[in-house]
Amino acid sequence: MDTTVSTTATASRGRGRGGRERILAAAARLFATQGISTTGMEQVAEQAPVSKRTLYAHFRTKNDLVIAHLQGLALSGATLESVLTREDIPPRDRIRRLFDQPVADAAPVRGCPFIDAAAEFPDPESAVHSYAREQKLRMVQLIVAVVTELGCREPLPLAEQLATLADGAASRAMVLDEADYGRHARAAAEVLLDQALREKTGKGRRGRRRKVV
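In this text, all values refer to a predicted model and were calculated from it rather than measured experimentally.

### Some points on the overall build of the protein chain
Helix and strand content of the protein chain: 9 helices and 0 strands. Secondary structure elements of the protein chain occur, N-terminal to C-terminal, as α-α-α-α-α-α-α-α-α. Taking all 213 residues of the protein chain together, the buried fraction comes to 37%. Across the protein chain, the fraction of contacts at a sequence separation of at least 24, relative to all contacts at a separation of at least 6, is 63%.

In structure tokens:
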């Protein structure tokens, strides 16, 4: 076996893997600072830095790059809903932390990347918009699991309300560039949770009274 060819092939594969990581890192920086729509593929290649041939070898279209970027964010733990799967945090605290900015020291405040992506790709049938919608629906299901753990009897309506508060707070935090803006929505969420848990307790008590009578 030609060891020179083998070494060259191995090095090439290594550069390929590093190239993909650099592309995604460059795209993340550019998307965050100037938006997705205004970021061109050539600019991403320049910032990576990789050749355009390498860029398109990894991502055939800009949509592919955007979705890979969003998938990376979903797995990174740096989005609003990531705290909802933290089993080391009590359920109610997970809901409370839903209103914290994922990166507290970010400047300026970024908000929710999935909402931002959906806004930049407004066609509901587009691949990027569809992926963003999937993540927002997943967020509701994660909240459903947490409030069910708390014992709420009607978890889905409550989860939709909490998701609406979290998304709205993230959007306003971005517009106002106020990282702690979520405190307002958190206070409203506490009221919703208290009401849901009171209804649970009240129904149980009424049921017991009827049984005694």
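### Quick word on the nonpolar core
Membership of the largest hydrophobic core comes to 57 residues, with the highest contact counts inside it found for Leu65, Ile95 and Ile143. Counting residues per element, the ones that place at least two in this core are α1 (3–34), α2 (41–47), α4 (62–76), α6 (113–120), α7 (127–150), α8 (155–176) and α9 (182–212). The dominant element in this core, judged by the number of residues it contributes, is α7, at 11 residues. In this structure Ile143 touches Leu84, Ile95, Leu98, Ala159, Leu162 and Ala163, once residues within four positions along its chain are discounted.

### Describing the side chain of His129
Mapped onto the elements of the fold, His129 is located in helix α7. On the accessibility criterion, His129 (16% relative accessible area) is buried. Looking at His129, its side chain comes within polar contact range of the main-chain oxygen of Ala118, at 3.3 Å. The residues touching His129, leaving out its near neighbours within four places in the chain, are Ala118, Phe121, Pro122, Asp123 and Pro124.

### Some words on the packing of α4 against α6
Two numbers describe how α4 lies on α6: the axes approach to 11 Å, and their chain directions differ by 165 degrees. Taken together, the axes of α4 and α6 are roughly antiparallel relative to one another. Regarding α4 and α6, the two cross each other, and that crossing is left-handed. Counted together, Leu70, Leu73 and Ala74 of α4 and Pro113, Phe114 and Ala117 of α6 form the full contact between these two elements. Residues that form the contact of α4 with α6 fall into these classes: 6 nonpolar, no polar and no charged.

### Digging into the packing of α7 against α8
Relative to each other, α7 and α8 sit at 125 degrees, their axes nearing to 8 Å. By the angle between their axes, α7 is oblique relative to α8. Between α7 and α8 lies a crossing whose hand is right-handed. When α7 is examined against α8, the residues Lys136, Met139, Val140, Gln141, Ile143, Val144, Val147 and Thr148 are found in contact with a partner set consisting of Pro155, Leu156, Leu158, Ala159, Glu160, Leu162, Ala163, Ala166 and Asp167. Taken together, the residues of the contact of α7 with α8 break down into 12 nonpolar, 2 polar and 3 charged.

### A word on the environment of Phe99
Residue position: Phe99 is located in the loop between α5 (91–97) and α6. Separated by 63 residues in the primary sequence, Phe99 and Leu162 place their C-alpha atoms 9.5 Å from one another. Once residues within four sequence positions are removed from consideration, Phe99 is found in contact with Leu162, Leu165, Ala166, Gly182, Ala185, Arg186 and Ala189.

### As for a nonpolar patch on the surface
Together, Met174, Val175 and Leu176 make up an exposed nonpolar region whose accessible area comes to about 270 Å². We classify Val175 as exposed; its relative accessible area is 63%.

### What about the side chain of Ser130?
Summarising the element assignment, Ser130 is placed in helix α7. Setting aside anything within four residues of it in sequence, one finds Ser130 in contact with Pro124 and Glu125.

### Details of α4
For α4, built from 15 residues, the straight-helix expectation of 21 Å at 1.5 Å per residue is met to within 8% by its first-to-last C-alpha distance of 21 Å. Among the residues of α4, those classed as buried are Leu65, Val66, Ile67, Ala68, His69 and Leu70. Just past α4, the residue Gly77 takes up positive phi, approximately 80 degrees.

### Thoughts on unusual backbone geometry
Backbone torsion omega between Ala48 and Pro49 reads -15 degrees, so that peptide bond is classified as cis. Locating Pro49 in the fold gives a position in the loop between α2 and α3 (52–58). Here the phi dihedral of Asp177 falls at roughly 55 degrees; this positive angle occurs in a residue that is not glycine. Topologically, Asp177 is positioned in the loop between α8 and α9.

Conventions used here
- Residues numbered from 1 in each chain as written.
- Predicted model: local features only at pLDDT ≥ 70, side-chain atom pairs only at ≥ 80, totals over all residues.
- Heavy atoms only, no water.
- Helix = DSSP H or I, 4+ residues; strand = E, 2+ residues; numbered from the N terminus.
- Buried < 20%, exposed > 50% of the residue type's maximum accessible area, 1.4 Å probe, protein only.
- Contact = heavy atoms within 4.5 Å.
- Core = buried A, V, L, I, M, F, W, Y, C linked by side-chain atoms within 4.5 Å.
- Polar contact = N/O pair within 3.5 Å; in protein donor to acceptor, adjacent residues only side chain to side chain.
- Axes fitted to C-alpha atoms, helices over the stretch in contact; angles between N-to-C directions.
- Parallel < 35°, antiparallel > 145°, perpendicular 65-115°, else oblique.
- Left-handed = near helix turned anticlockwise from the far one by under 90°.
- Nonpolar A, V, L, I, M, F, W, Y, C, P; charged D, E, K, R; others polar.
- Patch = residues over 30% accessible without salt bridge, like charges linked within 9 Å, V, L, I, M, F, W, Y side chains within 5 Å.
- Areas by Shrake-Rupley, 256 points an atom, 1.4 Å probe, with all protein chains shown as cover.
- Salt bridge = Lys/Arg side-chain N within 4 Å of Asp/Glu carboxyl O.
- Expected span 1.5 Å × (residues − 1).

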